[in-house]
Amino acid sequence: MLNRDTLQQAGFDVDEALERVMGNEALLDRVLGMFLNDTHFQQLCDAVSRNDVDAAIAAVHSLKGTSGNLSLKPLFELTNKQLALFRAGSWDEATALMPDIEAHYRSAIQAIETRSQ
């Protein structure tokens, strides 16, 4: 059984996420587990460190999609904003969001790791 409080504190809209999987809590649990192996956050970090705009756009676009599918609202909103900034050519503004993105990403990972406790 999922620990809803832990997930909600990390920014997940658990009810919405469950709707996306037709109320199947076991499926949501599996999908959350898959997020632990998702590499898009690391790809984003690597792209930013290399100043690679195209790779950053690709990585943040994927991370945005994944966080949206999981109903991880704060991460979705930040990555959506960052994607728009990258596409607008506002590299400095976009990369300034990295600490907040990382904080929400780490919080989500921690919540997923303890989701059944």
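Anything mentioned here points back to the structure above.
Residues numbered from 1 in each chain as written. Predicted model: local features only at pLDDT ≥ 70, side-chain atom pairs only at ≥ 80, totals over all residues. Heavy atoms only, no water.

Draft legend 1. Geometry of the packing of helix H5 (residues 53–69) against helix H6 (residues 73–87). Orientation of H5 relative to H6, taken along the N-to-C sense of each, is 155°, at an axis distance of 8 Å. Taken as axis vectors, H5 and H6 run roughly antiparallel relative to one another. Crossing geometry of H5 relative to H6 is assigned as left-handed. In this structure, H5 uses Ala-56, Ile-57, Val-60, His-61, Leu-63, Lys-64, Ser-67 and Gly-68 to contact H6, whose residues at the interface are Leu-75, Phe-76, Thr-79, Asn-80, Gln-82, Leu-83, Phe-86 and Arg-87. Tallied by class, the residues present in the contact of H5 with H6 amount to eight nonpolar, six polar and two charged. (Axes fitted to C-alpha atoms, helices over the stretch in contact; angles between N-to-C directions. Helix = DSSP H or I, 4+ residues; strand = E, 2+ residues; numbered from the N terminus. Parallel < 35°, antiparallel > 145°, perpendicular 65-115°, else oblique. Left-handed = near helix turned anticlockwise from the far one by under 90°. Contact = heavy atoms within 4.5 Å. Nonpolar A, V, L, I, M, F, W, Y, C, P; charged D, E, K, R; others polar.)

Draft legend 2. Seen up close, the side chain of Asp-38. Note that Asp-38 resides in the loop between helix H3 (25–35) and helix H4 (40–49). No salt bridge is formed by the buried Asp-38, whose closest oppositely charged neighbour, Arg-106, lies at an N-O distance of 11 Å. Only 2.9 Å separates the side chain of Asp-38 from the backbone nitrogen of His-40, close enough to count as a polar contact. The contacts of Asp-38, once residues within four sequence positions are left out, are Thr-66 and Tyr-105. (Buried < 20%, exposed > 50% of the residue type's maximum accessible area, 1.4 Å probe, protein only. Lys, Arg positive; Asp, Glu negative; His and termini not counted. Salt bridge = Lys/Arg side-chain N within 4 Å of Asp/Glu carboxyl O. Polar contact = N/O pair within 3.5 Å; in protein donor to acceptor, adjacent residues only side chain to side chain.)

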